[in-house]
Amino acid sequence: MAQLRKEKGWSQETLSLESGVARSYLGGVERGQRNIALVNICRLAEALELKPAELFDFDSLTV
């Protein structure tokens, strides 16, 4: 998700404000320290103008 956020030129704070998901929670999700609820996946996908399934397309991400 961090890569998608950065491609949009957004900080964690911006994505947090756009999605309604707390910045600290978002940071934990990006670091793999938190499990994310489905409702938050949908909120983040909507803010990033993606379908929720696109957040699970790991083949298109560069590591």
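Quick look at the structure, then. Here the structure is a predicted model, which is why all the values come from computation and not from measurement.

Overview of the side chain of glutamine 12
Note on placement: glutamine 12 falls in helix α2 (residues 12-19). Among the residues examined, glutamine 12 registers a relative accessible area of 18% and is labelled buried. Of the polar contacts made by the side chain of glutamine 12, one reaches the side chain of glutamate 30; its length is 2.8 Å. If near-sequence neighbours (up to four positions away) are discounted, glutamine 12 is found in contact with Arg5, Arg23, Leu26, Gly27 and Glu30.

So, the nonpolar core
Residues Trp10, Leu15, Val21, Tyr25, Leu26, Val29, Ile41, Leu44, Ala45, Ala47, Leu48 and Leu55 constitute the largest nonpolar core, which totals 12 residues. The set of elements that each furnish at least two residues to this core consists of α3 (23-30) and α4 (38-47). Per-element accounting of this core gives the leading share, 4 residues, to α4. If near-sequence neighbours (up to four positions away) are discounted, valine 21 is found in contact with Ser16, Leu26, Asn40, Arg43 and Leu44.

About the cut-offs
Residues numbered from 1 in each chain as written. Predicted model: local features only at pLDDT ≥ 70, side-chain atom pairs only at ≥ 80, totals over all residues. Heavy atoms only, no water. Helix = DSSP H or I, 4+ residues; strand = E, 2+ residues; numbered from the N terminus. Buried < 20%, exposed > 50% of the residue type's maximum accessible area, 1.4 Å probe, protein only. Polar contact = N/O pair within 3.5 Å; in protein donor to acceptor, adjacent residues only side chain to side chain. Contact = heavy atoms within 4.5 Å. Core = buried A, V, L, I, M, F, W, Y, C linked by side-chain atoms within 4.5 Å.

No statement about biological role is implied by the geometric values presented.
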